[in-house]
Amino acid sequence: MVYTDLYINGAWHKTDERFDVINPATEEVLASVASAGLSDADAALDAAEAAMAEWAARTPRQRSEVLRRAWELMTARLEEFAHLITLENGKARADAMGEATYAAEFFRWFAEEAVRADGLITHAPSSGARIIVQHKPAGLAVLITPWNYPAAMGTRKIAPALAAGCAVIIKPASETPLTMLALMPLLEEAGVPPGLVNVLPSRRTGALVDHMLHDPRVRVVSFTGSTGVGRTLLKGAADQVLKPAMELGGNAPVIVFEDADMDVAIEGTMLAKMRNLGEACTAANRIYVHEAIAPEFTRRLTAAMSALRVGDGTDPGVDVGPLVNASTRDKVAEFVADAVAKGATVECGGVVPDGKGYFYPPTVLSNVPEHADCVRDEIFGPVAALQTFSDQDDVIRRANDTEYGLVAYVFSGDMKRGLQVCERLDYGMVGLNRGLVSDPAAPFGGTKQSGLGREGGHEGMLEFMETQYISANW
Ligand code: NAP
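On a predicted model such as this, the values are computed, not experimentally measured, just so you know. (Residues numbered from 1 in each chain as written. Predicted model: local features only at pLDDT ≥ 70, side-chain atom pairs only at ≥ 80, totals over all residues. Heavy atoms only, no water.)

An order of β14-β15-β16-β13-β12-β18-β19 is seen for the 7 strands of this open sheet, with the pairing classed as mixed. Sheet topology places β14 (345-348) and β19 (429-432) at the edges, where each strand pairs with a single neighbour. Averaged over all neighbouring strand pairs, the angle between strand axes comes to 25°, with direction disregarded. Where strand β12 (residues 252-256) meets strand β18 (residues 407-411), 3 bridges bridge the pair, whose relative direction is parallel. (Pairing = 2+ DSSP bridges. Helix = DSSP H or I, 4+ residues; strand = E, 2+ residues; numbered from the N terminus. Axes fitted to C-alpha atoms, helices over the stretch in contact; angles between N-to-C directions.)

Here we have 3 strands laid out as an open sheet, ordered β5-β6-β22, and antiparallel in their pairing. Of all strands in the sheet, those with a lone pairing partner are β5 (120-123) and β22 (465-472), marking the two edges. Each neighbouring strand pair of the sheet contributes to a mean axis angle of 20°, computed without reference to strand direction. Examined bridge by bridge, strand β6 (residues 130-137) and β22 share 8 bridges and lie antiparallel to one another. Looking at the pairing, Q134 lines up with Q468 of β22.

Glancing now at the pattern of salt bridges. Side chains that carry opposite charge are capable of pairing whenever their charged atoms lie near each other. The final tally for this structure, using the stated rule, is 28 salt bridges. Ionic pairing is found between K157 and E455, a salt bridge with its closest N-O pair at 2.7 Å. With K157 in helix α5 (residues 152-164) and E455 in the loop between β21 (451-452) and α15 (459-462), this residue pair connects regions lying 298 residues apart in the sequence. The same class applies to K157 as to E455, namely buried. Here the salt bridges do not stand alone but share partners, grouping D46, E49, D215 and R217 into one network. (Salt bridge = Lys/Arg side-chain N within 4 Å of Asp/Glu carboxyl O. Buried < 20%, exposed > 50% of the residue type's maximum accessible area, 1.4 Å probe, protein only.)

What follows deals with unusual backbone geometry. Of note in this structure, V241 is not a glycine but carries a positive phi near 50°. Checked against the element boundaries, V241 lands in the loop between α8 (227-238) and β11 (243-247). Phi is positive for F380, which is not a glycine, with a value near 55°. Note that F380 resides in the loop between α12 (373-376) and β16 (383-389).

A few words now on the packing of helix α3 (residues 78-89) against helix α6 (residues 178-190). In the contact formed by α3 and α6, the axes pass within 9 Å of each other and the chain directions differ by 160°. Here α6 runs roughly antiparallel to α3, going by the angle between their axes. In the crossing of α3 with α6, the sense of the turn from one axis to the other is right-handed. Contact residues: F81, L84, I85 and E88 in α3; L178, T179, A182, L183 and L186 in α6. Looking at the contact of α3 with α6 residue by residue, the classes come out as 7 nonpolar, 1 polar and 1 charged. (Parallel < 35°, antiparallel > 145°, perpendicular 65-115°, else oblique. Left-handed = near helix turned anticlockwise from the far one by under 90°. Contact = heavy atoms within 4.5 Å. Nonpolar A, V, L, I, M, F, W, Y, C, P; charged D, E, K, R; others polar.)

Take the layout of surface pockets next. Of the volumes computed, that of the largest pocket is approximately 970 Å³. What lines the largest pocket is a set of 41 residues, and nearest its centre among them are P146, W147, G225, S226 and V229. At the level of elements, α7 (205-213), β10 (218-224), α8 and α11 (326-341) are the ones that each hand at least two residues to the lining of the largest pocket. The residue inventory of the lining of the largest pocket, partitioned by class, reads 17 nonpolar, 16 polar and 8 charged. Each of domain 1 (6-248 + 450-472) and domain 2 (252-439) accounts for three or more of the residues forming the lining of the largest pocket. Of the volumes computed, that of the second largest pocket is approximately 240 Å³. Lining the second largest pocket are M1, V2, Y3, R77, E80, F81, H83, L84, L87, A182, P185 and L186. Contributions of two or more residues to the lining of the second largest pocket are made by α3 and α6. Top contributing element to the lining of the second largest pocket by residue count: α3, with 5 residues. A class-by-class count of the residues in the lining of the second largest pocket yields 9 nonpolar, 1 polar and 2 charged. (1 Å grid on protein atoms, 1.4 Å probe; cavity = no way out; pocket = protein on both sides within 12 Å on 5 of 7 lines; lining within 4 Å. Points joined across faces, edges and corners; volume = space filled by probe spheres on them. Domains from an automatic or database assignment.)

Keep in mind that these numbers describe shape and distance, not what the molecule does.
Here is the structure:
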């Protein structure tokens, strides 16, 4: 069953205005979805306010058990969610199963964190008073999510918010609202009370979100998406001094040293580049290979990329589905054309196929010049852009030369060297001899213009909590 209406206070609401969700593999309309307006936002805020009072008063154990049940239910229905993710986003079945599993894990992790909201009691060194520090639910949270992970970017926010005792209103991306809507009956079944989680797809995104950010009941805005929209939201959040969590864009460097294990480096680079067909903020964007191993690395990476099968992601034999829409596909093609015009060599791929669907083939570019657009901006597609280096200090400088700081990857057979390089990289996360860093148990997030705050780990729940300090004499 596909859910296509607004979800407010535990009930489905139709609207006069609707918009189409397109299957990127076929370009056919998948569903017509309700588009929320300002009065719907007000109804969701009223419902969330009422639900939060009761939810925040429950014991952490009670909240934890609802989240644990959500994990169990979602884990039992991974195939169903994966199929829906593939239909609306395009990603291949294996990527969609990976996402659904990762998305469900946030419920389990935050079920465990819900009962570990620790505090502190200590003596004030000078006055002798007691310093008591505790964490309280921060208040209503507005969550805004992107299309590249329709399930996981939502659960990564919903689970910690509920664990902390907050109520939420989610604005999913317009390309992919169906997965988040489909999660709502599951949350009901898990025991989430009406009004605690509300979903408002909308085509009037800017006005809708701005309206909610100016409601005095809202205290948190948690956003995952582009740095440009993140800046707009930070400005909107400033009026009410909201607590912001911003997971923004990336421009991940991969550094492959001459002492790297070649099998590990190829496997890790493939994962960092091709997980989610490159439509990930964590995707390898600039691949720096030591010149001594560059010919072999290029040959082996090209062979691995050429072996991937492109097609409709619902076909289990397909490795690479279509990109999410025409503009994303066209932008990838422009990056390749720009790099080639500036001197890059196409090792494989690089040609948009004929026919329906927003497909782009796995592509390897070598000799990519430093001034190519794909070195400065997120490619967000299946294009591996290779450069070479000979000097360690120089490659660290080049890797850090970006306004982004989400994730970097380092491959070296020497752990001492590898860790020393990791520490010099100005990134919130580094994969050392690994092409995957995402883990619900670890703090995900970036430095510089890649964002503010962390999701997952112990830190994730604190984004939805306020610290209260009581100075006490007894
Ligand atoms: P986007 O264009 O920034 O959109 C993200 C969300 O923001 C969507 O729900 C979108 O709604 C909404 N939005 C757009 N304009 C808005 C406005 N003026 N006010 C409030 N909300 C607004 O990003 P995207 O293209 O979906 O996703 C790709 C970007 O997300 C990439 O830059 C990627 O690096 C980043 N990302 C970051 C992380 C991370 O954890 N750091 C994870 C995944 C993705 P509509 O769909 O209705 O426009």
